[in-house]
Number of protein chains: 2
Amino acid sequence: LDNSNVRELQLKKFTREEATEVSDIVAAEIPFTIFFNHQEIVTLLCTPSYLKELGVGFLQSEGFIKNKNDILFIHLDDQRGSINVITEGESKIALNTLGKRAVTSGCGKGTIFYNVIDSLYCKDNQIEMYLEPQQIYKLMHTLQHGANLFLETGGTHSAALSDGNEMIILREDIGRHNAIDKIFGECLLNDSDLSEKVILTSGRISSEIVIKLAKRSVPIVISCSAPTGLAVELAQKTGITLIGFTRGEKMNVYTNDWRIKT
Amino acid sequence: LDNSNVRELQLKKFTREEATEVSDIVAAEIPFTIFFNHQEIVTLLCTPSYLKELGVGFLQSEGFIKNKNDILFIHLDDQRGSINVITEGESKIALNTLGKRAVTSGCGKGTIFYNVIDSLYCKDNQIEMYLEPQQIYKLMHTLQHGANLFLETGGTHSAALSDGNEMIILREDIGRHNAIDKIFGECLLNDSDLSEKVILTSGRISSEIVIKLAKRSVPIVISCSAPTGLAVELAQKTGITLIGFTRGEKMNVYTNDWRIKT
C-alpha cells in the first residue's frame, strides 16, 4: 500500500461496550487542477496516485485530446497538485462546450445526449468479443481482492482493464470516474488498443461511465453494483454489453447479451 | 415509490443454474441543466424528483445565492429538465470562480481550500448540540429502512435531515451530493434553521460534503460509510462532528467528539 494514498489519524471508536481512542487510516483526498494549454479546466478531488494518467484520461474523456500524438508536452506538478497538458492546436469545440448541454439526436437513433461532444464520438460497437460467465465471475473476484486501498480504508472505488482472462491494469480512487480515467489515460500514453478489452468497476454504472467506454470503443463493462436507466439506454444504443450486480456466481446482463457464451 | 424515479426494463439474469429473461427496475437518471439569471451553469445527472430543491440547493452550495430573499423568480421546466433561478443582483464572485481553484489559508488556520468561495463561508462551528450513541444508531437505522428507491434498485444514495430525534426530510438520488443539495434546497425555500440539525448520508464523506455542511452551519454529519482524509481535516477545523462507519451499534467518531454524550 502506497503511504501517500492514506492518511493516519486518531479517532474514537464506539462499540456497544465501550468508546476507545484508536489510530486508524482513511483514504487520502487531494484537489488536482487540470490545465489544457495553460487554461484552467477543472479541479478534481482524487486519490494522489497516477495523476499524470488521470489528467490525460480526463482530457480525453472530455474531448480535449484524442490520442498520444495530440500531446506536445505534459507538465505535472505533484507538489501543487496540478497538470498542464500542451497540444499543438487548441481543441476549440471542447473548450466551448465543457459542462454545456445540448440535446441532440446522437447515433441517428434519437438518443438524448447531454453534451454535444458525446454524439460526435458515438459509435455502434459491433466488436465480436465473447466471455463465459465463469470468466466474468473470476475477474470480479480478482478486482475485489486486488483493491488494497479499499480493503484498508473502505473509502475508495476500484476499476480494472482486462482482456477477459488477465487483469492488465487495476486502479483505485475516491471517485469512480477517476479510477476509470486513470486506466484510460495510461492506455492513451501507451497507445494501447481497447477494442477487445473489458472494463470492471466497483461503482454504479451511470451514463457518464458508458459514454467514457463508448468513446474508446470498449465493448464490455462489468460492475458488482447497479446501473441507471440512462446508462442501460446508452449501452443498448452504442452496442456495449452492460453487466451489473456481479456477485459470486450471479450477474445481470442488461444489454447486448450476445457477447455472453453459454 | 414514485414511478418517474425508476425505469422498467428487460434483462437476462444469470445464476449458477440458469439464465432467464426477467423484467426488473433500475433507478432513473436524467440530465438537469441549471441556469442562473439565464446563464447556463452546469448540467447535473440526477434522479428526477425534487428538481426545484436540487437546483436551489446546488446554487446555494456553489455560492450563487445565500437565502430565500435572493430569489426573485424560479422557472422550472420539468419536460426539458432545466431550471432558471433569477435574482436581483448577479453574484459576480461566484460566476468568476465556479470550478476555479484557489489555495488560501481559510479560517486563519492554514487549511487548504480548493475554492476561494469556500473560505469566505467557513466558520468554526461551536453549536452545543449533543447526541447519545443510541440516537445515532436509531437515526441510521431509520435512514436505511426509509430509502425505498435504494431498496428497490440498489442504485441510489440517500440523505436525511434530523433534529436528533425525528427524521425531518429524507431524499434519494443517484448522486450523493444531489441528495444532500435537495435537502438544503428545501430548507432554503422554507427558511429553515439548520444550526441544530444533523445530516445523515449513505455515501462516503468527502471534502465537498463537509464544505456543504460548513456553509450552512450544520454541526453533525453521520454516515454508514467512510470519510476521506481531507474531509476529516476540514471537519476538525470547521468544528463539525464527523461520524463514519455507523453500522448496527458501532460507529467511528473522527472529529469533535465532545458532541457525543456517553
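From a predicted model like this one, the values you see are computed outputs, not experimental measurements.

## Thoughts on unusual backbone geometry
Unusually for a residue other than glycine, Asn-256 of chain A sits at a positive phi of about 45°. Its place among the elements puts Asn-256 of chain A in the segment after strand 14 (250–253). Judged by its relative accessible area of 13%, Asn-256 of chain A falls in the buried class. Non-glycine residue His-38 of chain B carries a positive phi angle of around 70°.

## A few points about the interface of chain A and chain B
Interfaces are often sized by the accessible area lost when the parts come together. Each partner contributes residues to the interface: chain A has 58 residues there, and chain B has 58 residues. Roughly 4,400 Å² is buried in total at the junction of chain A and chain B, and carbon and sulfur atoms are behind 52% of that figure. Taken together, the links from chain A to chain B amount to 6 salt bridges. Across the pair Lys-12 of chain A and Asp-257 of chain B runs a salt bridge whose closest N-O atoms are separated by 4.0 Å. The interface formed by chain A and chain B includes 20 residue pairs in polar contact (both at pLDDT 80 or more). Looking at which element gives the most residues to the side of chain A that touches chain B, the answer is strand 1 (residues 6–14) of chain A, with 7 residues. Along the lines of polarity and charge, the residues of the side of chain A that touches chain B split into 24 nonpolar, 18 polar and 16 charged. When strand 14 of chain A meets strand 1 (residues 6–14) of chain B, the two strands line up antiparallel, connected through 3 bridges. Within strand 1 of chain B, the residue paired with Asn-252 of chain A across the bridge is Lys-13 of chain B.

## Side note on the sheet that holds strand 4 (residues 39–46) of chain A
Residue and element names in this part refer to chain A. Overall, mixed pairing links the 4 strands, which are arranged 4-3-6-5 in an open sheet. A strand with exactly one partner marks an edge of an open sheet, and here the two such strands are strand 4 and strand 5 (71–77). Neighbour to neighbour, the strand axes of the sheet diverge by 15° on average, direction disregarded. Strand direction decides the pairing type here: strand 3 (residues 30–36) and strand 4, joined by 7 bridges, are antiparallel. By the bridge assignment, Ile-30 is partnered in strand 4 with Cys-46.

## Quick notes on the side chain of Ser-206 of chain B
By the element assignment, Ser-206 of chain B lies in the loop between strand 11 (198–201) and helix 7 (207–215). Judged by its relative accessible area of 5%, Ser-206 of chain B is buried. In this structure the side chain of Ser-206 of chain B is engaged in a polar contact, spanning 3.1 Å, whose partner is the side chain of Arg-176 of chain B. Look past the residues within four positions of Ser-206 of chain B in its chain and what remains in contact with it is Glu-29 of chain A together with Arg-176, His-177, Thr-228 and Ala-231 of chain B.

## Here we look at the packing of aromatic side chains
Residue and element names in this part refer to chain B. Tallied over the entire structure, the rule returns 4 aromatic pairs over all chains. Here the aromatic rings of Phe-36 and Phe-64 are separated by 5.0 Å at their centres, their planes lie at 55°, and the arrangement is tilted. Of the two residues, Phe-36 is situated in strand 3 (residues 30–36) and Phe-64 in the loop between helix 1 (51–61) and strand 5 (71–77); the sequence distance between them amounts to 28 residues. For the pair formed by Phe-36 and Phe-64, the shared burial category is buried.

## Side note on the environment of Gln-144 of chain B
All names here are of chain B. Checked against the element boundaries, Gln-144 lands in helix 4 (residues 133–146). Relative accessible area serves as the criterion here: at 37%, Gln-144 is assigned to the partly exposed category. Sequence separation between Gln-144 and Ser-202 is 58 residues, and the spatial gap between their C-alpha atoms is 7.8 Å. Those residues in contact with Gln-144 that sit more than four places away from it in its chain are Leu-151 and Cys-224.

## Digging into the sheet that holds strand 5 of chain B
All names here are of chain B. Judged by pairing direction, the sheet is mixed, and its 4 strands sit side by side in the order 4-3-6-5 without closing on themselves. With one partner strand each, in any of the chains shown, strand 4 (39–46) and strand 5 form the two edges of the open sheet. Neighbour-to-neighbour, the strand axes of the sheet open up by a mean angle of 15°, direction not taken into account.

## Observations concerning the pattern of salt bridges
Residue and element names in this part refer to chain B. Tallied over the entire structure, the rule returns 16 salt bridges over all chains. A salt bridge links Lys-237 to Glu-233, with the nearest nitrogen and oxygen atoms 3.9 Å apart. Placement of the pair is Lys-237 and Glu-233 together in helix 8 (residues 229–238), with a separation of 4 residues, close to one helical turn. Of the residues examined, Lys-237 reaches a relative accessible area of 23% and is grouped as partly exposed.

## Quick notes on the side chain of Thr-255 of chain B
All names here are of chain B. Within the element layout of this structure, Thr-255 appears in the segment after strand 14 (250–253). A distance of 2.7 Å separates the side chain of Thr-255 from the backbone oxygen of Ile-240, its partner in a polar contact. Separated by 3.0 Å, the side chain of Thr-255 and the backbone nitrogen of Leu-242 make a polar contact. Among all residues touching Thr-255, those that are not within four sequence positions of it are Val-232, Ala-235, Gln-236, Ile-240, Thr-241 and Leu-242.

## Comments concerning the confidence of the model for chain A
Segments scoring low in pLDDT should not have their predicted coordinates read at a detailed level. Residue and element names in this part refer to chain A. Predicted confidence across chain A gives a mean pLDDT of 89, with 87% of residues reaching 70 or more. Note that residues 102–112 has pLDDT below 50 and, in this model, 23 contacts with residues that lie over four places away or in other chains. Taken together, the chains of this predicted complex give a pTM of 0.91 and an interface ipTM of 0.90.

## Details of the relation of the copies chain A and chain B
Least-squares fitting of chain A to chain B yields an RMSD of 0.0 Å, with the transformation described by 0.0 Å of translation along the axis and a rotation of 180°. What the rotation and shift describe, once combined, is the action of a two-fold rotation axis. Interface residue correspondence from chain A to chain B reaches 100%, placing this contact among same-surface, isologous pairings.

## A few points about helix 7 (residues 207–215) of chain A
All names here are of chain A. Burial analysis of helix 7 places 8 of its 9 residues in the buried class, which makes it a mostly covered element. Every buried residue of helix 7 is accounted for by Ser-207, Ile-209, Val-210, Ile-211, Lys-212, Leu-213, Ala-214 and Lys-215. Positive phi shows up at Ser-217, right after helix 7, with a value of about 60°.

## Some details on the packing of helix 7 of chain B against helix 8 of chain B
Residue and element names in this part refer to chain B. Between helix 7 and helix 8, the shortest axis-to-axis distance is 8 Å and the interhelical angle comes to 20°. Classified by the interaxial angle, the pair formed by helix 7 and helix 8 is roughly parallel. Helix 7 and helix 8 meet at a crossing whose hand is right-handed. Taken together, the residues of helix 8 that come into contact with helix 7 (itself represented by Ser-207, Val-210, Ile-211 and Ala-214) are Leu-230, Ala-231, Leu-234, Ala-235 and Thr-238. Its residues assigned to classes, the contact of helix 7 with helix 8 comprises 7 nonpolar, 2 polar and no charged.

Thresholds applied
- Residues numbered from 1 in each chain as written.
- Chains lettered and ligands numbered in written order.
- Predicted model: local features only at pLDDT ≥ 70, side-chain atom pairs only at ≥ 80, totals over all residues.
- Heavy atoms only, no water.
- Helix = DSSP H or I, 4+ residues; strand = E, 2+ residues; numbered from the N terminus.
- Buried < 20%, exposed > 50% of the residue type's maximum accessible area, 1.4 Å probe, protein only.
- Contact = heavy atoms within 4.5 Å.
- Buried area = accessible area lost by both parts, 1.4 Å probe.
- Salt bridge = Lys/Arg side-chain N within 4 Å of Asp/Glu carboxyl O.
- Polar contact = N/O pair within 3.5 Å; in protein donor to acceptor, adjacent residues only side chain to side chain.
- Nonpolar A, V, L, I, M, F, W, Y, C, P; charged D, E, K, R; others polar.
- Pairing = 2+ DSSP bridges.
- Axes fitted to C-alpha atoms, helices over the stretch in contact; angles between N-to-C directions.
- Phe/Tyr/Trp six-rings, centres within 6.5 Å; stacked < 30°, edge-to-face > 60°.
- pLDDT = per-residue confidence, 0-100.
- Least-squares fit on C-alpha atoms with pLDDT ≥ 70 in both.
- Parallel < 35°, antiparallel > 145°, perpendicular 65-115°, else oblique.
- Left-handed = near helix turned anticlockwise from the far one by under 90°.

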